[in-house]
Amino acid sequence: MSKLKQSLFFAALLLLVIGVAHGQISYTGAVSAQKLNYFNNINTTFSSKTICADDVGIVITLAHDSSNQNSFFMLTLEGTNTIQVAEVQNFLITDFDIFQGLIIFCGKQSSTDTNFIGFIDYASLFAGSATINTLKLPIDFYGLNLTKIRAYPTVDGFKIAAITNRCSFLDIDWVNQTVDIFFNDYHFNDLIVTEDYVSVLGTVSNSQCMVYIHNKNNMQNYTGQIFGTQERYLFSKYLIEEMPGNGIYENFVNGNQAIIGVVNDDLTDEFAIIDLNTLNIIDDFIVDSGLLRHTINDLCHDNDNQMIHCLSRDTIFKDYIYQPYPYMDTLTAVFPLYNWQLYYNLRTITPHNEYFIASGHGIGNANNNAVYWFDKQVLNSSSSCVTTKPLTEKIGSSFHPIGSYFYSNILFYPLEQSSVQSIVLPDDFYSYDCKD
């Protein structure tokens, strides 16, 4: 057994023992929501993110403190109500990915506005104070924020794909400590990694998006395409997600396919499945929400159940979750119930085994800055912890290709190696927000 695997095994075992001592939460029981309220100290304006790590039952969440100066990584183990917290001080981490036992993240120093990419194995991060290896981006990136990051394997290690809050896509080579920066005229919204490609997506206008497809073995080999839909209401944006399959990154059943989601101006959500090999449209369908004006906050692929989950929010701040793929005529949207003092503000969803997790915050009360996890009971229409809404799904035809598109510039930079320190804070515990 490798040293890393040994560390992960003992870390998981330790968490399990702690969880048993403090009582377990059964995800197969009638529990619809649980929450972490960490010292009432979480920034409710930050879009928290949760990832289920590999297959060892570990769940890791990223959040910021209320001062918006420091970042928290929070770890729990399935079946326990114990949370471990590692704080990265004076560092605002905006996104992270988990790759072969590593937490790979992007962000910037709070005091200098300098952007960094960093990584550390999560066994070391939660074992005690740790030194995290980082790479500093060039000075040209002052004023920009790295917003999304994904890691993927290469022959000699791994590479990192990232986008900024403006018009840049980054191809980061950790082994050689270099970055190629692809500049674009429009803002990027999302990125994915499939079997052969790294794909990035951005909004061109209120009726058009652009998609770039990069060959993972040669990122300079790319194809760009603009797609159009019927006119959408202002400020909506497109999101892209891998199609579901068995395995992570390398072994999707559907290979190089992606789903694109967008909210239209007629209160419908439109979804298009595209073939990344050809950029042809395979399918186009529309979900009629019958609700108020709303936006799609997140899409996630569920490999175990071969599904796509969609998280949306309407204009009176209700979150709802439904499954647009596989296609079916009738759907059920699930609304997690309001807490008596606050309403949920869900930001991301991720599936894991027999349940999925919706991470977000409770707002409306200064003492309820919480991060939430919902198990599969939230999809049970008979649960007293949720309300439901019937939806209609039908075949659409408005998503269409418009023409080729290219980057405006590509620059190469060396990266400077650095480090940042983390500390482990006292453990905390989950509590139920709703229980049948």
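Scroll up for the structure.
Since the model is a prediction, treat every value here as computed from it, not as a measurement.

Student: What am I meant to see in the overall build of the protein here?
Tutor: A count of helical and extended segments in the protein gives two helices and 33 strands. Considering only contacts in the protein between residues 6 or more positions apart, those separated by 24 or more positions represent 57%. By element, 51% of the accessible surface of the protein is carried by carbon and sulfur atoms, the whole surface being about 17,000 Å².

Student: I'm lost on the pairing of strand 4 (residues 71–77) in this one. Help?
Tutor: Consecutive residues of a regular strand have side chains that alternate between opposite faces of the sheet. The element strand 4 is extensively covered by neighbouring structure, given that seven of its seven residues are classed as buried. As judged from the seven bridges shared by strand 3 (residues 58–64) and strand 4, these two strands associate in the antiparallel manner. When the bridges of strand 4 are listed, His64 appears paired with Ser71. In terms of strand pairing, strand 4 meets strand 5 (residues 82–88) through five bridges, oriented antiparallel. Directly across from Ser71, in strand 5, lies its bridge partner Val88.

Student: Is there a simple way to explain the side chain of Ser312 in this structure?
Tutor: Position of Ser312 among the secondary structure elements: in strand 23 (residues 307–314). Setting aside residues up to four positions removed in sequence, Ser312 forms contacts with Asp269, His294, Thr295, Ile296, Asn297, Lys318, Asp319, Tyr320 and Tyr322.

Student: Explanation requested: the nonpolar core in the structure shown.
Tutor: Grouped burial of nonpolar side chains is what soluble globular proteins tend to show. Grouped together as the largest cluster of nonpolar side chains are 25 residues, with contacts concentrated most on Ile60, Phe73, Phe96, Ile103 and Phe126. If you look at the next biggest cluster of nonpolar residues, it comprises 21 residues, including Phe99, Phe119, Ile160 and Trp174.

Student: Looking at this structure, how should I read the sheet that holds strand 30 (residues 400–404)?
Tutor: Strand pairing in a sheet takes place through backbone hydrogen bonds and is either antiparallel or parallel in direction. Read across the sheet, five strands follow the order 14-15-16-17-30 without closing on themselves; strand pairing throughout is antiparallel. Pairing within the sheet leaves two strands with one partner each, and these edge strands are strand 14 (188–193) and strand 30. Sheet twist, expressed as the average angle between the axes of neighbouring strands with direction ignored, equals 25°. In the sheet, strand 14 pairs with strand 15 (residues 197–205) via five bridges, with the strands oriented antiparallel. Bridged to Asp190 within strand 15 is Leu201.

Student: Honestly, unusual backbone geometry in this entry has me stumped. Any pointers?
Tutor: When glycine is set aside, most residues are seen to have a negative phi, and most peptide bonds are trans. Note the cis peptide between Tyr325 and Pro326, where omega equals 5°. Note on placement: Pro326 falls in the loop between strand 24 (319–325) and strand 25 (330–336). A positive phi angle is found at Gln100, which is not glycine, with a value near 50°. With respect to the secondary-structure elements, Gln100 resides in the loop between strand 6 (91–99) and strand 7 (102–109). Relative accessible area serves as the criterion here: at 58%, Gln100 is assigned to the exposed category. Positive phi, normally seen in glycine, also occurs at Leu279, with a value near 60°. With respect to the helices and strands, Leu279 occurs in the loop between strand 20 (268–275) and strand 21 (280–288). Classification of Leu279 by relative accessible area gives buried; the value is 7%.

Student: Whenever I open this one, the sheet that holds strand 6 confuses me. Can you help?
Tutor: Ordered in space as 2-3-4-5-32-9-8-7-6, the nine strands form an open sheet in which the pairing is antiparallel. In the strand order of this sheet, the two ends are held by strand 2 (49–53) and strand 6, each with one partner. Strand-to-strand twist in this sheet, taken as the mean axis angle between neighbours without regard to direction, amounts to 30°. Both strand 6 and strand 7 contribute to a ladder of eight bridges, which runs antiparallel. Following the sheet pairing, Phe99 is matched in strand 7 by Leu102.

Student: Which parts of the structure should I look at to understand the packing of aromatic side chains?
Tutor: For any pair of aromatic rings, the description consists of the separation of the ring centres together with the inter-plane angle of the planes. Counting across every chain of the model gives 22 aromatic pairs. Both rings, one in Tyr212 and one in Tyr407, keep their centres 3.9 Å apart while their planes meet at 15°; by these two values the pair is stacked. Highlighted residues: Tyr212 in strand 16 (residues 208–215) and Tyr407 in the loop between strand 30 and strand 31 (409–414), separated in sequence by 195 residues. The class for Tyr212 is buried, based on a relative accessible area of 0%. An aromatic cluster is defined as three or more aromatic residues linked by ring pairs; in this entry it consists of Phe169, Phe182, Tyr186, Phe188, Tyr212, Tyr222, Tyr405 and Tyr407. Residue placement shows Lys49 over the ring face of Phe96; its charged tip is 5.7 Å from the ring centre.

The rules behind these values
Residues numbered from 1 in each chain as written. Predicted model: local features only at pLDDT ≥ 70, side-chain atom pairs only at ≥ 80, totals over all residues. Heavy atoms only, no water. Helix = DSSP H or I, 4+ residues; strand = E, 2+ residues; numbered from the N terminus. Contact = heavy atoms within 4.5 Å. Areas by Shrake-Rupley, 256 points an atom, 1.4 Å probe, with all protein chains shown as cover. Buried < 20%, exposed > 50% of the residue type's maximum accessible area, 1.4 Å probe, protein only. Pairing = 2+ DSSP bridges. Core = buried A, V, L, I, M, F, W, Y, C linked by side-chain atoms within 4.5 Å. Axes fitted to C-alpha atoms, helices over the stretch in contact; angles between N-to-C directions. Phe/Tyr/Trp six-rings, centres within 6.5 Å; stacked < 30°, edge-to-face > 60°. Lys NZ or Arg CZ within 6 Å of the ring centre and 35° of its normal.

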